[in-house]
Every structure is written in C-alpha cells, then in structure tokens.
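Remarks on the overall topology
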Amino acid sequence: MQAIVLVGGEGTRLRPLTETVPKPALTLVDRPFLAYMIEWLASHGVTEVVLACGFLPDVLRNALADEEERAGARIRYVAEPEPLGTAGAIRFAADALGGDLDERFLALNGDVLTDLNLSALLGAHESGQARATLGLYPVGDSAAYGLVQTGLDGAVSEFTEKTGKAAPGEVNAGMYVLERSVLDLIPAGENVSIERDVFPRLVGEGMNGLRLDGYWMDIGTPERYLQASWDILEGAVDTRVEPTAPGVLIGDGTEIAGDAAIGPRAVVAPGCRVGPAAEIRDSVLLTGCEIGAGARVRDSVLAPGVAVAAGASIEGEVAGEGERVPR
Ligand code: GDD
Ligand code: MG
C-alpha cells in the first residue's frame with residue numbers, strides 16, 4: 001500500500017520552534033514529528049510513503065535520513081513549485097508517480113499524531129466498495145475541522161469544512177482511502193482543496209466514512225506540542241518511543257547535576273547540560289540546551305541550543321534555536 005502524505009503547511013503557530021525547521025522535521029520527544037506518522041503507516045502495511053512537500057524537502061530529507069530503515073517503508077519526496085492546496089498536492093504527487101501509483105492508495109494530512117486503526121479503514125473501504133473512504137474522529141468542538149455526516153450504511157451525506165460552530169460531531173481525521181478515479185475530479189496544476197472542492201462533489205457518489213477510535217491530535221500549538229510529548233511518554237498514544245520513566249525521557253550524552261530535579265514530566269534531549277539545583281518540570285529541552293545552576297524551567301519548550309541563565313525562572317516560555325533566556 002502507498003500513502004501520499006501532505007506536508008506543505010508552514011506550521012506558523014509553532015513559531016519560533018518552526019523558524020529553523022519545518023514542522024514535520026521538528027523533534028517531538030526523540031524523533032522528527034513526521035516519523036510517528038511514517039511508523040504508524042508502516043505498522044498498518046504501508047510500504048511506500050510519498051511526502052508531498054510545499055517547499056525545499058532537503059531539511060526534511062536530512063531529518064528523516066534514518067527513518068526508512070527504522071520504519072521499514074520507502075520514502076519518496078515530491079515538491080510542488082507552488083502550494084496547490086490539499087487536492088492539488090495529491091494530484092501533483094500522483095502525476096509525479098505516474099504508473100507507479102497503485103489503483104488504490106491512502107492520502108493523509110501530515111500534521112497529526114495518531115494511532116487510529118488504519119487497517120479498519122482499509123477494510124471498510126474494501127467491503128463498502130467505495131471510491132473514497134474517510135477516517136472520522138469524534139470531537140466535542142468541530143468548528144475548526146471538516147464536519148462529516150454519515151448514514152447508517154456509512155455513506156457520507158454531508159461534508160462541511162470549518163463550520164465555525166462549536167458543536168460536537170464526527171470530523172474528518174485527514175486520512176482517506178482513495179481510488180485513482182478520484183484524481184479525475186482534480187484539475188492538474190490548479191490550487192484545489194479536497195475538503196472544499198472535491199469531497200462535496202463525492203457526496204452520494206461512492207464516498208463513505210468510518211469512525212475510528214484511539215488517539216488523534218493536531219500538534220499545531222506549543223501547548224499541544226507539550227501535551228503530545230506527555231501523551232507519548234505516558235503511553236496515551238501508541239508509539240515506538242521507550243521512555244526513561246513514565247513521563248520522562250533523558251537522552252544520551254546529557255550532563256545532569258546530581259541535585260537537579262527533573263520531572264515529573266520532562267524531555268532532556270541528547271547533549272543537554274543541567275546545572276546544580278536546577279529544576280526542569282513539564283518542559284521539553286531539545287538537543288544541546290544549557291540550564292544554569294539553580295534555574296527553574298516550567299511548562300516551556302526550548303529549541304536546540306537554548307541557554308537559560310543561572311538562577312533564572314521561566315514559565316510558559318517557547319524559545320527558538322540558540323536563544324539566551326531570559327532575553
Ligand atoms: N503539499 C501541500 N500543499 N500540503 C498542504 C497544502 C498544499 O498546498 N495545504 C495544506 N497542506 C497540508 C498541511 O501541511 C497539513 O498537513 C494538511 O495538508 C492539512 O492542512 P491544514 O492547513 O493543516 O488543514 P486544517 O488542519 O485546517 O484542516 C484539515 O485537517 C483537519 C484535521 O486536522 C482538513 O482536512 C479538515 O477537514 C480536517 O478536519
Ligand atoms: Mg491541520
């Protein structure tokens with residue numbers, strides 16, 4: 001099975017973390033964010049992942065250098081000359097693959113952390129003989145998502161992108177099984193949205209939805225980035241990460257003073273140095289951060305190479321690569 005994964009967005013809400021790396025390459029706990037998706041896809045039988053990139057894929061390629069081997073799936077990169085929208089990007093990637101693309105394939109938004117049962121989605125697509133089958137996820141507030149109504153037979157009766165209404169409902173989880181014939185609905189070289197332009201036209205034309213249970217989260221903000229880190233380290237989402245202790249990951253080659261307090265929730269990435277009597281709580285320190293003696297770091301995310309001054313106290317901080325805190 002092949003999967004086209006959309007990774008063209010810029011991740012602006014995660015700035016300054018995404019100032020130096022694109023969001024899919026940003027480290028989440030101990031690996032690039034996108035590695036979770038690739039490993040999850042591979043665990044459901046995906047053998048080839050096609051990354052539909054909006055800008056230069058080199059940074060991403062470097063970040064994912066070990067991932068083909070780790071996940072056991074081939075990774076291909078396709079870069080659009082300009083953003084073509086969610087459907088336009090799928091069409092562009094499909095055209096780039098040409099005859100290498102199977103009759104049936106997966107297409108996914110690349111910005112969620114999830115362990116939903118993709119195999120069940122593939123099974124439902126097969127048994128429902130659909131042209132498109134959408135994975136759905138129940139949420140309390142559907143305003144910012146694609147709201148999907150289905151009949152008892154699973155056929156989608158309505159698809160509304162971003163209603164803006166804070167009502168509960170089953171939303172588009174951004175994972176689709178598609179037949180190649182769906183590509184005919186997407187004009188080549190144009191900016192087309194799958195949610196606004198394609199799905200509404202597929203209602204009543206062989207489009208089904210299946211509610212999936214499990215973990216599903218968009219890590220679009222620093223708060224969600226932190227929450228996702230704890231969910232990974234506490235096992236709320238199924239991943240391949242092996243915590244040092246529940247809620248905590250201490251990387252290799254860290255220097256932590258004996259009387260420093262780490263946790264209850266913390267990531268201290270490889271190469272970090274934590275000085276005497278420092279306190280790291282509910283925070284993520286990416287590679288090579290330096291925490292001075294007696295400093296207190298709470299509810300914060302520190303990009304690689306951040307230095308926190310001795311005795312400083314920071315809370316709710318998001319520091320970009322190489323910054324000195326306090327500024
Ligand atoms: N290559 C490429 N080109 N990728 C794109 C483009 C593009 O022009 N536009 C968006 N993407 C990628 C983004 O990087 C992201 O991974 C995915 O497509 C979805 O785009 P978002 O901008 O994150 O959309 P959203 O979160 O507002 O809404 C979408 O996701 C929701 C679930 O998280 C929709 O699919 C909703 O219906 C859905 O509920
Ligand atoms: Mg999104």
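As a reminder, the structure under discussion sits directly above these lines.
To keep things clear, this report deals only with the structure shown in the data block. Bear in mind that the values here come from a model prediction, so they are computed numbers and not experimental data.

The environment of ligand 1 is made up of 22 residues, and the closest members are Gly9, Glu80, Glu161, Asn172 and Glu195. Within the contact set of ligand 1, an oxygen atom lies 3.3 Å away from a backbone nitrogen or oxygen of Leu84. In isolation ligand 1 has 740 Å² of accessible area, and contact with the protein removes 83% of it. Elements that contribute at least two residues to the shell around ligand 1 include exactly strand S1 (2-7), helix H4 (85-97) and strand S11 (169-179). Counting residues per element, the shell around ligand 1 draws most heavily on H4, at three residues.

Before going further, it helps to examine unusual backbone geometry. Put simply, Arg15 and Pro16 share a cis peptide bond, and its omega is 5°. With an omega of 15°, the peptide bond between Gly263 and Pro264 qualifies as cis. Tracing the chain through its elements places Pro264 in the loop between strand S16 (261-262) and strand S17 (266-268). Located in the positive-phi region is Gln129, a residue other than glycine, with phi close to 45°. Position of Gln129 among the secondary structure elements: in the loop between helix H5 (118-128) and strand S8 (132-139). According to the relative accessible area criterion, Gln129 is exposed, its value standing at 71%.

All right, on to the sheet that holds strand S20 (residues 283-285) then. Overall, parallel pairing links the five strands, which are arranged S14-S17-S20-S23-S26 in an open sheet. Lying at the two open borders of the sheet, with one neighbouring strand each, are strand S14 (248-250) and strand S26 (318-319). Of the strand pairs in this sheet, S14 and S17 are connected by three bridges, and their pairing is parallel. Bridged to Ile250 within S17 is Val268.

Cut-offs applied
Per chain, the residues get numbers from 1 upward, laid out in the order the sequence is written. Each chain is given a letter, starting from A, and each ligand a number, starting from 1, according to the order in which they appear as written. Thresholds applied to this predicted model are a pLDDT of at least 70 for local features of residues and 80 or more for the giving and counting of side-chain atom pairs; totals over whole chains, interfaces and linings are not thresholded and use all residues. Each side-chain value is derived from all of the structure's non-hydrogen atoms; neither hydrogens nor water enter the calculation. Note on terminology: near, applied to a residue and a molecule or strand, indicates that one of the residue's heavy atoms is within 4 Å of it. Each polar contact in these results corresponds to two N or O atoms within 3.5 Å; when the atoms are within protein, one needs to be able to donate a hydrogen and the other to accept it, and residues that are neighboring in sequence are counted only if both atoms are side-chain atoms. Calculation of accessible area relied on Shrake-Rupley with a 1.4 Å probe; when residues are assessed, cover is drawn exclusively from the protein chains displayed. Numbering of helices and strands runs from the N terminus; a helix is a DSSP stretch of H or I covering at least four residues, while a strand is a stretch of E covering at least two. Relative accessibility thresholds used throughout: buried, under 20% of the residue-type maximum; exposed, over 50%; partly exposed, between the two (1.4 Å probe, protein chains only). By definition, two strands form a pair when at least two bridges between them are found by DSSP.

Taken by themselves, the reported measurements are silent on function.
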